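Chain by chain, the residues run as shown.
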Amino acid sequence: SNRIDYWGLGMLVTGIAALQIMFDKGQEDDWFGSHFIVTLAVIAVVCLTVFVIWELRSKDPIVRFRLLKYRTFAVGVGLSAAMGIVLFGSTVLLPLFMQEMLGFPAVTAGEWNTPRGLATMAFMPIAGILISRRWDMRKMLFLGTLTAAAGLFGFSLLDLSAGPWSFVLPEAIMGLGFSFIFVPLATITVDPIPAEQMGYATSIIALMRNIGGGLGISAVTTLLARREQVHQDQLAAHITTFNPLLAPLLHELHQRMAQFGVSFTGAGRHALQILYDLVLKQAALLSYIDAFRFLTILFVMVAPLVWLMRKPVHDTD
């Protein structure tokens, strides 16, 4: 049939648009403290829920949700969404970390983000060779996910003394992991799908990866802002007259200010300002560490789901 499902298409476009705007503006507008965000959330939930029900009842749906009855495909779609969260989330985090925390120029931050892509390109042919030799792609996918998680965890070990070269090893490890994810995941996920339904299957995968990407970006930006506040409060709680380490530090800062000819009162004020700036910087660093560890934990948690997928038909002996 050549009939276009205009109702379904309209609900899908409206629901996804509302969801995307909600992801983009959520942190900026304080999420559900904003009537605008709440309205978008209601529109997204209503439109997408009605869309799913409509498509399941339609004789000629634009999205074939019934394909999710194949367990391997359903798990693959979920993994694709998780990969979107991690890939887009880390792609936002790394340049921000390099520029805001370490003071890299934008061009330098861009250049030192390339090792991940280069490693993925370099190891992808090896993944292809292993697949051609009938390696179990589920094992490759499982190991690739854990390897990428190890690379992500490597970023959480960096501190404010990190230089450009500090990023090369974690990025290379992450790139190696992704090279063992992309091809096996795409192959296994669509393996049980009949050939005539393949176009519908790939569109669902692409849709979920894009939704995952939007969710990943908004999740890490929200996490950065919220965790920075938490860490700021925790660190500030230690700045009291009862802290034996504080008095010598303030005294040293006070002395240095005085050496530059700052008045006694001014020196004390400057010393406190420097201390406050240090607290803000460390709170921001800890929030980045939390964000990298969040993405690491997510990948480690979804890795075992690989074993719910069936071994590809062409991969059996």
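Residues numbered from 1 in each chain as written. Predicted model: local features only at pLDDT ≥ 70, side-chain atom pairs only at ≥ 80, totals over all residues. Heavy atoms only, no water.

Student: Lay out the nonpolar core in plain terms, naming residues and giving numbers.
Tutor: Counting residues in hydrophobic clusters, the biggest one holds 47 residues, and the most contacted among them are Phe97, Phe167 and Phe299. Listing elements by their share of this core, those giving two or more residues are helix H3 (71-101), helix H5 (114-132), helix H6 (137-155), helix H7 (168-179), helix H8 (182-190), helix H9 (198-236) and helix H11 (264-302). Top contributing element to this core by residue count: H3, with eleven residues. In this structure Phe299 touches Ala82, Met83, Val86, Thr145, Ala148, Ala149, Phe178 and Ile181, once residues within four positions along its chain are discounted. Within the second largest apolar cluster, 13 residues are counted, among which are Met11, Leu67, Phe73 and Ile193. (Core = buried A, V, L, I, M, F, W, Y, C linked by side-chain atoms within 4.5 Å. Buried < 20%, exposed > 50% of the residue type's maximum accessible area, 1.4 Å probe, protein only. Helix = DSSP H or I, 4+ residues; strand = E, 2+ residues; numbered from the N terminus. Contact = heavy atoms within 4.5 Å.)

Student: With reference to specific residues and values, describe the side chain of Ser90.
Tutor: Residue position: Ser90 is located in helix H3. Within the structure, Ser90 has its side chain in polar contact with the backbone oxygen of Val86 (distance 2.7 Å). If we skip the residues at most four places from it in the chain, Ser90 touches Pro95, Arg116, Leu152, Met174 and Leu295. (Polar contact = N/O pair within 3.5 Å; in protein donor to acceptor, adjacent residues only side chain to side chain.)

Student: Before we move on, could you go through the pattern of salt bridges and cite the residues and values that matter?
Tutor: The tally for this structure, following the rule as stated, stands at four salt bridges. A salt bridge links Glu28 to Lys25, with the shortest nitrogen-to-oxygen separation between them at 3.8 Å. Judged by relative accessible area, Glu28 falls into the exposed class, the value being 58%. Asp30 is the salt-bridge partner of Arg226, the closest N and O atoms lying 3.3 Å from each other. Here Arg226, found in helix H9, pairs with Asp30, found in the loop between helix H1 (6-25) and helix H2 (35-57); they are 196 residues apart in sequence, far enough to count as distant. (Salt bridge = Lys/Arg side-chain N within 4 Å of Asp/Glu carboxyl O.)

Student: How would you summarise the packing of aromatic side chains if you had to cite specific residues and measurements?
Tutor: This structure, assessed with the given rule, holds twelve aromatic pairs. Here the aromatic residues Phe97, Phe104, Phe155, Phe167, Tyr288 and Phe292 are joined through ring pairs into a cluster of three or more. When the ring centre of Tyr200 is taken as origin, the NZ or CZ atom of Arg64, which lies over that ring, is 3.9 Å away. (Phe/Tyr/Trp six-rings, centres within 6.5 Å; stacked < 30°, edge-to-face > 60°. Lys NZ or Arg CZ within 6 Å of the ring centre and 35° of its normal.)

Student: Describe in detail unusual backbone geometry, supporting the description with residues and values.
Tutor: Comment: phi is negative for the bulk of residues other than glycine, and the bulk of peptide bonds are trans. With a phi angle near 65 degrees, Asp30 is a residue other than glycine that sits in the positive phi range. Asp30 gets classed as partly exposed once you look at its relative accessible area, which sits at 47%. Positive phi outside glycine occurs at Trp31, with the angle close to 45 degrees. As for its position among the elements, Trp31 is in the loop between H1 and H2.

Student: Describe the side chain of Glu55, listing the residues and the values that go with them.
Tutor: Within the element layout of this structure, Glu55 appears in helix H2. Every residue in contact with Glu55, bar those within four places of it in the chain, is listed here: Asp5, Gly8, Pro61, Ile62, Val63 and Phe65.

Student: Explain the packing of H6 against H8 to me, using residue names and the numbers behind them.
Tutor: Packing of H6 against H8 brings their axes to within 9 Å, and their N-to-C directions diverge by 135 degrees. Relative to H8, the element H6 lies oblique. The way H6 lies across H8 gives a crossing that is left-handed. In this structure, H6 contributes Met137, Arg138, Met140 and Leu141 to the contact, and H8 contributes Pro184, Leu185, Thr187 and Ile188. When its residues are assigned to classes, the contact of H6 with H8 shows six nonpolar, one polar and one charged. (Axes fitted to C-alpha atoms, helices over the stretch in contact; angles between N-to-C directions. Parallel < 35°, antiparallel > 145°, perpendicular 65-115°, else oblique. Left-handed = near helix turned anticlockwise from the far one by under 90°. Nonpolar A, V, L, I, M, F, W, Y, C, P; charged D, E, K, R; others polar.)

Student: Go over a nonpolar patch on the surface, please, and point to the residues and values.
Tutor: Residues Trp7, Phe32, Val38, Val42, Val46, Val50 and Trp54 make up a contiguous nonpolar surface patch of about 700 Å² in total accessible area. Looking at the nonpolar patch, the element that brings in the most residues is H2, giving five residues. Note on Val42: relative accessible area 47%, which makes it partly exposed. (Patch = residues over 30% accessible without salt bridge, like charges linked within 9 Å, V, L, I, M, F, W, Y side chains within 5 Å. Areas by Shrake-Rupley, 256 points an atom, 1.4 Å probe, with all protein chains shown as cover.)

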